[in-house]
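# Descriptive analysis of the structure
So you can see what is in the structure, the chains are spelled out below.
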Amino acid sequence: MSEREVIIKVRNLEKIYNGVVHAVKGISFDVYRGEIFGLLGPNGAGKSTTIKMLTTVLKPTSGIAEVCGYDVAKHPVEVRRCISVVPQEYTSDEDLTGFENMMLMASLYGIPKAEAEKRAWELLEMVNLKDAANRKVETYSGGMRRRLEIAMSLINRPKVLFLDEPTLGLDVQTRAAIWEYIRKLKEEYDITILLTTHYMEEADSLCNRIAIIDHGKIVKIGSPDELKALLGGDIIEISIAEKEDISEILSKIPAVREVKKLDTSTYRMKVESGEKVAPQIIETILQRGFHVIKLSMAKPTLDEVYLELTGRSLRDEEGGEDMWRLRMTLRRARR
Amino acid sequence: MSRTAGYNNPLHGLGALLHRELAQWYRDFVVLFISLIQPVIWLGLFGKAFDLSKLFTTNANLPPAYQQLAQQTMLNIFGTTSYYAFFAAGMLSFIAITTAVFGSMSIVWDRRLGFLERILSTPVSRGVIIMTKVFSATIRTLIQVAVILIFAVALGFPTTYLTPLRILGTFAAVALLSMSLASLLILLGIRTTNYQRPMVVANLITLPLMFTSNAMYPIKLMPGWLQIVAKVNPVTYTTDIVRILLLNVNNGTGNLFIDFTILLGFAIVASAIGIVTSWRYLTM
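Criteria and cut-off values
Residues numbered from 1 in each chain as written. Chains lettered and ligands numbered in written order. Predicted model: local features only at pLDDT ≥ 70, side-chain atom pairs only at ≥ 80, totals over all residues. Heavy atoms only, no water. Helix = DSSP H or I, 4+ residues; strand = E, 2+ residues; numbered from the N terminus. Rg over C-alpha atoms; globule rule 2.2 N^0.38 Å. Buried < 20%, exposed > 50% of the residue type's maximum accessible area, 1.4 Å probe, protein only. pLDDT = per-residue confidence, 0-100. Contact = heavy atoms within 4.5 Å. Pairing = 2+ DSSP bridges. Buried area = accessible area lost by both parts, 1.4 Å probe. Salt bridge = Lys/Arg side-chain N within 4 Å of Asp/Glu carboxyl O. Polar contact = N/O pair within 3.5 Å; in protein donor to acceptor, adjacent residues only side chain to side chain. Nonpolar A, V, L, I, M, F, W, Y, C, P; charged D, E, K, R; others polar. Core = buried A, V, L, I, M, F, W, Y, C linked by side-chain atoms within 4.5 Å. Domains from an automatic or database assignment. Axes fitted to C-alpha atoms, helices over the stretch in contact; angles between N-to-C directions. Left-handed = near helix turned anticlockwise from the far one by under 90°. Disulfide = S-S within 2.5 Å. Phe/Tyr/Trp six-rings, centres within 6.5 Å; stacked < 30°, edge-to-face > 60°.

Quick look at the overall build of chain B now. When helices and strands are tallied, chain B shows 13 helices and 0 strands. The order of α-helices and β-strands along chain B, N terminus first, is α-α-α-α-α-α-α-α-α-α-α-α-α. Relative to the 2.2 N^0.38 estimate, which gives 19 Å for 284 residues, the radius of gyration of chain B is 21 Å and therefore close to what a compact globule would have. Based on the C-alpha atoms only, the size of chain B along its principal axes is roughly 80 × 40 × 35 Å. The buried share of chain B, taken over its 284 residues, is 50%.

If pLDDT is low for a region, its predicted coordinates should not be looked at in detail. Residues and elements named next belong to chain B. Overall, the predicted model of chain B reaches an average pLDDT of 85, with 94% of residues at or above 70. Within chain B, the element-level pLDDT minimum falls on helix α1 (residues 2-8), averaging 50, and the maximum on helix α9 (residues 164-185), averaging 94. Overall, residues 1-5 carries pLDDT values under 50, and its contacts beyond four positions in sequence, including any with other chains, amount to 6 contacts.

In this section: the pairing of strand β9 (residues 209-214) of chain A. Residues and elements named next belong to chain A. Burial analysis of β9 places 6 of its 6 residues in the buried class, the great majority of the element. Alternating residues of β9 divide into Arg209, Ala211 and Ile213 and Ile210, Ile212 and Asp214, and every residue in both groups is buried. Of the strand pairs in this sheet, strand β3 (residues 36-40) and β9 are connected by 4 bridges, and their pairing is parallel. Paired with leucine 39 across the strands is alanine 211, a residue of β9.

Opposite the 28 residues of chain B that make contact, chain A presents 32 residues. Across the interface of chain B and chain A, roughly 2,800 Å² is buried in total on both sides, 54% from carbon and sulfur atoms. At the boundary of chain B with chain A, the tally comes to 3 salt bridges. A salt bridge links Asp93(A) to Arg20(B); the nearest nitrogen and oxygen atoms lie 2.7 Å apart. Summed over the shared surface of chain B and chain A, the result is 9 residue pairs in polar contact (both at pLDDT 80 or more). Mapped by element, the contributors of at least two residues to the side of chain B that touches chain A are α1, α2 (14-26) and α7 (115-120) of chain B. Residues of the side of chain B that touches chain A, tallied by class, amount to 11 nonpolar, 9 polar and 8 charged.

Core analysis: the largest hydrophobic core is formed by 113 residues, its most contacted members being Met102(A), Ile155(A) and Ile193(A). It is helix α6 (residues 83-112) of chain B that contributes the most residues to this core, 18 residues altogether. For this core, the two domains that each supply at least three residues are domain 1 (6-228) and domain 3 (302-334) of chain A. One finds Val24(A), Leu58(A), Val79(A) and Val85(A) within the second-largest nonpolar core, a separate group that totals 27 residues.

Further remarks concern the packing of helix α3 (residues 29-49) of chain B against α6(B). Residues and elements named next belong to chain B. Between α3 and α6, whose axes approach to 9 Å, the crossing angle comes to 150 degrees. When the axes of α3 and α6 are compared, the crossing they make is right-handed. Contacts between α3 and α6 involve Pro39, Trp42, Leu43, Phe46, Gly47 and Lys48 from the first element and Tyr83, Tyr84, Phe87, Ala88, Met91, Phe94 and Ile95 from the second. Split by residue class, the contact of α3 with α6 holds 11 nonpolar, 1 polar and 1 charged.

The next thing to look at is the state of the cysteines. Under the definition given, this model contains 1 disulfide over all chains. In this model Cys207(A) remains outside any disulfide bridge; the closest cysteine sulfur is found in Cys68(A), 19 Å from its own.

Attention shifts here to the sheet that holds strand β5 (residues 70-71) of chain A. All names here are of chain A. In spatial order, the strands read β2-β1-β4-β5; together these 4 strands make up an open sheet with antiparallel pairing. Each of the sheet's edge strands pairs with one partner strand only, and the pair in question is β2 (21-32) and β5. As paired elements, strand β1 (residues 6-17) and strand β4 (residues 62-67) share 5 bridges and run antiparallel to each other. Looking at β4, one finds that lysine 9 is bridged to glutamate 66.

Attention shifts here to the sheet that holds strand β14 (residues 292-298) of chain A. The strands making up a sheet associate through backbone hydrogen bonding, with each pair oriented either parallel or antiparallel. All names here are of chain A. Strand order in the open sheet formed by 4 strands is β12-β13-β11-β14, and the pairing between neighbours is antiparallel. Only two strands of the sheet have a single partner each, and these edge strands are β12 (256-263) and β14. Sheet twist, expressed as the mean angle between neighbouring strand axes with direction ignored, is 20 degrees. As paired elements, β12 and strand β13 (residues 266-271) share 6 bridges and run antiparallel to each other. From the neighbouring strand, valine 256 faces β13, where its bridge partner is valine 271. The sheet strands contacting helix α10 (residues 274-287) are β11 (234-240), β12, β13 and β14, and the helix crosses β11 at an angle near 20 degrees.

Moving on to the packing of aromatic side chains. Any pair of aromatic rings gets described here by the distance separating the centres and the angle formed by the planes. All names here are of chain B. What the rule picks out here adds up to 9 aromatic pairs over all chains. Where phenylalanine 29 meets phenylalanine 33, the ring centres are 5.7 Å apart and the plane angle is 20 degrees; that geometry is what we call stacked. Of this pair, phenylalanine 29 and phenylalanine 33 are both found in helix α3, 4 residues apart, which corresponds to roughly one turn of the helix. The class of phenylalanine 33 is partly exposed, set by a relative accessible area of 43%. For the pair tryptophan 42 and phenylalanine 94, a centre-to-centre distance of 4.7 Å together with 35 degrees between the ring planes defines the contact as tilted.

See below:
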């Protein structure tokens, strides 16, 4: 791990808006070249603020951030040349066609026209928008617009791509399709990706490593599996045909922790790695002359990890946010 | 390498952003049509309705000497016997004001729609982003000016002095005014997501800018304190130039060189303020 090239280096990064709102409270992390790194946390945790600082559109209050080896505060132009960002909002111009939007981006990076056209068609093909390329963006669906946003961000062949909530507000199928594109990107273009999300499934399925961020602080960094291992591993439930208490026998298996008898013949235990331990358990039980009639295994989810680390469920948080928005809307409507 | 060639040009991206800005205008027929017809309607309604010379000449029974006196008074005050012609010249400045004011709102929308965040993360210079807004306002203004001039002539604006050189000078003066105002007004929009902020300021300053200049009424008839205000108002110098060039009327400084120098000074200072401020404060 130590040999890997660090492409984003963040140390004690802090942002205070207008001297009052402490959005990011001194975070530190490294992102290695070629990985998909996720910032996971509820709305308002400081994810977008962090991305805005790393993409040079917002000045940090204090701390250091280096992207591609350049300090974002001291050499913003060099940083901008090596990165690209897909903001949360749809930023493409609705009055222009998909292709024109691509060319607009190309000229912002100073890419010569012939080269830009070549790249534009290649990228539009990659995100399956070739047929819609000459239609105005206002006719695109949400998923198409998100794909166009991603293609637009790749026109400058960035080394680092920032995705701010890449699937916010998309339906389940479209979300899965976007995930596919993001994985393809990483494979085909050798891009390092930093994304923010408040969807557990997204962080779990896409990211090599995740930083859980809450109230402007990083609570924990690790791979999805490492984070889940924090919970003490997988949960195995087993039922046997016999009525004898086998708690003793089970707890003597080295990899098994915390055996709990649920009823006369059912036991629940925590194990480090379910796939490896389950066969051992079955074997031990059979050797003692008992019969297994049912075995089930549950992997811990990031949801549970989040709950463990922050004391709150991300889903509650999400719901709370939605309720808050609803209340705001109602309040505005009543005026 | 060809890839880095574009980066070395400090103005790269200006053309593309300007095209985007103007496309939003000319590709929407309704927006284009109304923005071109609006000043013409103003010109027709105001210029023709407030024909001040009629104050003296409506009564046909007046002796010819009185009529002559009336003509003389008009000439003394407005430099022309036609208030319509006097007002039409002022209208050109008015267009620069309204277009600059509405231009300042577009950057608020760019911010709200996320487009600003995207371009701020590209190597495009912050100055270029502001210049795009300023130039787009200026180009729109000049096209509107051309349309007004055509309609003004159709409605009776004297054509005696309409030579290519004089028309070119008129365009130059309006362009400088437009650049000055757009550079300053854009500052209202660079830090806010509230599109109402530029709007209320626009409402606040549009008419005062007109009334504290010679666009509608000659300065020499204004109270002393207002004359001072009028003399620091760039609209005054623009209108002055337009009247000298297109009507050969002299009721301001009467000196093209002084007028142009002052106007150019305004434009340089305002653009510098706009660009430097955006460099410092144009962030998310």
